[in-house]
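Each chain is listed here by its residues.
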Amino acid sequence: MSVEFSPEPPVADLARRTAEFIRETVIPVEEQYRGVARSEKIRVKLRQAAKEAGVFAPHVGTECGGHGLDMRGRAAVYEEAGYSLLGPLALNIAAPDEGNMHLLEAVATADQKTRYLRPLAAGDIRSCFAMTEPAPGAGSDPSALTTRAARVPGGWRIDGHKWFITGADGASFTIGMARTSGVPGDSGGATMFLVDTDNPGFKLIRHIDTLDENLYGGHAELLFDGCLVADDAVLGDVDKGFHYAQVRLGPGRMTHCMRWLGIARRAQDIAVDPAAHRRMFGSRLAELGMAQQMIADNEIDIAAARGLILRACWELDQGHSAAQATSIAKTFCAEAVWRIVDRSLQICGSLGISGDILLSRFLREVRPFRIYDGPSETHRWVIARRAVRQREQAAR
Ligand SMILES: Cc1cc2nc3c(=O)[nH]c(=O)nc-3n(C[C@H](O)[C@H](O)[C@H](O)COP(=O)(O)OP(=O)(O)OC[C@H]3O[C@@H](n4cnc5c(N)ncnc54)[C@H](O)[C@@H]3O)c2cc1C
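Residues numbered from 1 in each chain as written. Predicted model: local features only at pLDDT ≥ 70, side-chain atom pairs only at ≥ 80, totals over all residues. Heavy atoms only, no water.

Enquirer: Quick question: what am I supposed to make of the overall build of the chain here?
Expert: Secondary structure summary: the chain contains 12 helices and 10 strands in total. Over its C-alpha trace the chain gives a radius of gyration of 21 Å, about what one expects of a compact globule, namely 21 Å for 396 residues. Considered along the principal axes of its C-alpha atoms, the chain spans approximately 80 × 60 × 40 Å. Within the chain, the fraction of its 396 residues that count as buried is 54%. Taking the contacts inside the chain whose residues are at least 6 apart along the sequence as the reference set, 74% of them involve residues at least 24 apart. Carbon and sulfur atoms make up 54% of the accessible area of the chain, which amounts to about 17,400 Å² in all. Within the chain, one finds 47 positive and 49 negative side-chain charges whose respective centroids are separated by 3 Å. (Helix = DSSP H or I, 4+ residues; strand = E, 2+ residues; numbered from the N terminus. Rg over C-alpha atoms; globule rule 2.2 N^0.38 Å. Buried < 20%, exposed > 50% of the residue type's maximum accessible area, 1.4 Å probe, protein only. Contact = heavy atoms within 4.5 Å. Areas by Shrake-Rupley, 256 points an atom, 1.4 Å probe, with all protein chains shown as cover. Lys, Arg positive; Asp, Glu negative; His and termini not counted. Charge placed at Lys NZ, Arg CZ, Asp CG, Glu CD.)

What follows is the structure, encoded as C-alpha cells:
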C-alpha cells in the first residue's frame, strides 16, 4: 500500500497562510479573552478577518465559497487553525458546524442545502447536532436512542430529551436524531431531522456547567416537546439515521483530532521556550534528562498522532469507511493530546498552573475529547472486536 502524505502545493500554501493568520490575527484575540469567545461581536470580527485573509471555510465546496479540501488537505490546514483555541471558530471549522456541513454536503437535498448549508458555510448562522440523551438513552451506545418521531398528517411529531448538545444556544437549527421504528436497543430505526430552533416544540432547558468552555454556545440540555416538523425536515431517508451518523462521525472524529493536535503543538512550543532559558541545578532545564524526556515524548506523540490522522484521512479520501483507522487515530490522539498538554504544563511548573499562560485552559479544553466522539473505552472495544474477527476470518 502506498500512501502519499505531502499536501499539494495549493494546500501547503493555504496551510502556511492559515498559520500566519492564526499567529498575527487570532492569537492576540485569544490571549485577550483567555481562549473563550462568548460574544457574537468577536465571532463576527474573527470570521470577517478570515474571509479577508482568504482562509475562511476551507472544507466546503467552492460553490459554497470554500476551498473544497479533501480530508488530507484538511489535516494540514486544520492543524494550523487549531494552533489557537479561537482558530477553528474564525475559519468556520469548529464543532459542531463543521461536521454538520460535511453531513449536509453528503446527504441534504438541493432545497435543504440552500436553506441550511449555504448560510452555515457563509458563517451567517450556527447549528448543533442532537444525538446524546440522559441515561438510559443514547450515549456511547447510540442504539439506546429513546427520542421518538411519530408520523402525523403532513409530517412528524418528535418527543425526547437530549443533553450535552454543543452550540445549541444561539443555533438556528439542529440535526436531531429520533427513533422512527423499533425500540431502544435496536441497531436500526433512527432518522435525522432538520429542526429550526424557533420551532415552539424545541426547548432549551439549561446550560450544563462543564470543565471546558471554549466551544461556542456551550453545551445544552434540551427537549423535543411535541415538536412538529414537515416531511421535508427529514435529512436523507427515514430509518437511515445511524448510517448517516457514521458519515458524520468518521470524518468528524478526524477533524477534532486535527484541531486538537494544533493545540498540542502550541502547548509544546509554550513549554519549550521557558525550558530553554530556565536555569536550575547548574544547567538549563532543557538540558536535564527528565525534562528532555518530556519534551521528546511530546515530539513522539505529536508525530505519531499526525501519522495516524493522515493514514485514516487517506483511507477516507479513497472512499473507504476507515472505521478501524479512525477509531485507532481518535483513541490515540485524544489521549496523546492530553499527555502533551499535561507534560507541557509540568515543564512550566507553577507558571503552567497559572492563568498567566494558556496551558491550564488548554488542559481543561482537551480533557472531554477522551469522552465525546466515542469514549476511548468504546473505541478500544470495537478495535479489539474487529481485530479478533479478522483473525477468525483468516483462520477459516
Ligand atoms: C464536551 C462535550 C460535548 C458534547 N457534544 C455533543 C453534541 O454536540 N451532540 C451530542 O449528541 N452529544 C454530545 N456529547 C455527548 C457525547 O457524545 C457522549 O458523552 C458520549 O457519546 C458518551 O456518552 P455518555 O456521556 O452518555 O457516556 P456513557 O455512554 O454513559 O458511558 C460512560 C462510560 O462508559 C465507558 N464505556 C463506554 N463504552 C464502553 C465499553 N465498550 N467497554 C467499557 N467501558 C465503556 C466509558 O468510560 C464511558 O466514558 C458531548 C459530550 C461532551 C463531554
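Enquirer: I would appreciate a short explanation of the packing of helix H3 (residues 71–81) against helix H8 (residues 289–317) in the present structure.
Expert: How two helices sit against one another is set out by the angle between their axes and by the gap between those axes. The N-to-C vectors of H3 and H8 enclose an angle of 145°; their axes lie 8 Å apart at closest approach. Contact residues: Met 71, Arg 72, Ala 75 and Glu 79 in H3; Arg 306, Ile 309, Leu 310, Cys 313, Trp 314, Leu 316 and Asp 317 in H8. When its residues are assigned to classes, the contact of H3 with H8 shows 7 nonpolar, no polar and 4 charged. (Axes fitted to C-alpha atoms, helices over the stretch in contact; angles between N-to-C directions. Nonpolar A, V, L, I, M, F, W, Y, C, P; charged D, E, K, R; others polar.)

Enquirer: Explanation requested: the pattern of salt bridges in the structure shown.
Expert: Oppositely charged side chains can pair when the atoms bearing their charge come close. Under the defined criterion, the tally for this structure stands at 26 salt bridges. A salt bridge links Arg 157 to Asp 159; its shortest N-O distance comes to 2.7 Å. A residue is classified by how much of its surface remains accessible, and Asp 159, at 27% relative accessible area, is partly exposed. Ionic pairing is found between Glu 287 and Arg 284, a salt bridge with its closest N-O pair at 3.1 Å. For Glu 287, a relative accessible area of 45% gives the class partly exposed. For Arg 284, a relative accessible area of 31% translates into the label partly exposed. Bridged by salt links that share partners, the residues Asp 13, Arg 16, Arg 17 and Glu 20 form one connected network. (Salt bridge = Lys/Arg side-chain N within 4 Å of Asp/Glu carboxyl O.)

Enquirer: Got a minute to help me understand the nonpolar core in this structure?
Expert: In globular proteins that are soluble, nonpolar side chains generally tend to be buried together. Among the nonpolar cores identified, the biggest contains 96 residues, and Leu 91 and Leu 104 are the most heavily contacted of them. Broken down by element, this core gets its largest block of residues, 14 residues, from helix H7 (residues 241–277). Residue contacts for Leu 91: discarding those within four places in its chain leaves Thr 18, Phe 21, Ile 22, Ala 50, Val 55, Phe 56, Ala 57, Pro 58, Val 77 and Ala 81. In this structure, Ile 158, Ala 168, Ala 171 and Val 195 belong to the second largest nonpolar core, which totals 19 residues. (Core = buried A, V, L, I, M, F, W, Y, C linked by side-chain atoms within 4.5 Å.)

Enquirer: What is the right way to read H8 from this model?
Expert: Spanning 29 residues, H8 covers 41 Å between terminal C-alpha atoms, matching the ideal 42 Å at 1.5 Å per step. Positioned one or two residues after H8, Gly 319 has a phi angle of 90°, which is positive. (Expected span 1.5 Å × (residues − 1).)

Enquirer: Got a minute to help me understand helix H11 (residues 359–366) in this structure?
Expert: Along an α-helix, residues three or four apart share an orientation, since each turn contains 3.6 residues. Buried residues dominate H11, accounting for 7 of its 8 residues. Listing the buried residues of H11 in full gives Leu 359, Ser 360, Arg 361, Phe 362, Leu 363, Glu 365 and Val 366. Those residues of H11 hidden inside the fold are in contact with helix H1 (9–32), H7, helix H9 (323–347) and helix H10 (350–353).

Enquirer: Quick question: what am I supposed to make of the packing of H1 against helix H2 (residues 40–52) here?
Expert: Two elements in contact, H1 and H2, have axes separated by 11 Å at closest approach and are oriented at 170°. Viewed along their axes, H1 and H2 adopt a mutual orientation that is roughly antiparallel. Here Phe 21, Thr 25, Val 26 and Val 29 of H1 come into contact with H2, specifically with Ile 42, Leu 46, Ala 49 and Ala 50. Residues that form the contact of H1 with H2 fall into these classes: 7 nonpolar, 1 polar and no charged. (Parallel < 35°, antiparallel > 145°, perpendicular 65-115°, else oblique.)

Enquirer: I keep staring at unusual backbone geometry and nothing clicks. Help me out?
Expert: The phi torsion of most residues other than glycine is negative, and most of the peptide bonds are trans. Geometrically, the link from Ala 95 to Pro 96 is a cis peptide bond, its omega value of 0° lying close to zero. As for its position among the elements, Pro 96 is in the loop between helix H4 (87–91) and helix H5 (97–107). Backbone torsion omega between Ala 135 and Pro 136 reads 10°, so that peptide bond is classified as cis. Its place among the elements puts Pro 136 in the loop between strand S1 (127–130) and strand S2 (148–152). The phi dihedral of Arg 34 falls on the positive side, at around 55°, and the residue is not glycine. Here Arg 34 is to be found in the loop between H1 and H2.

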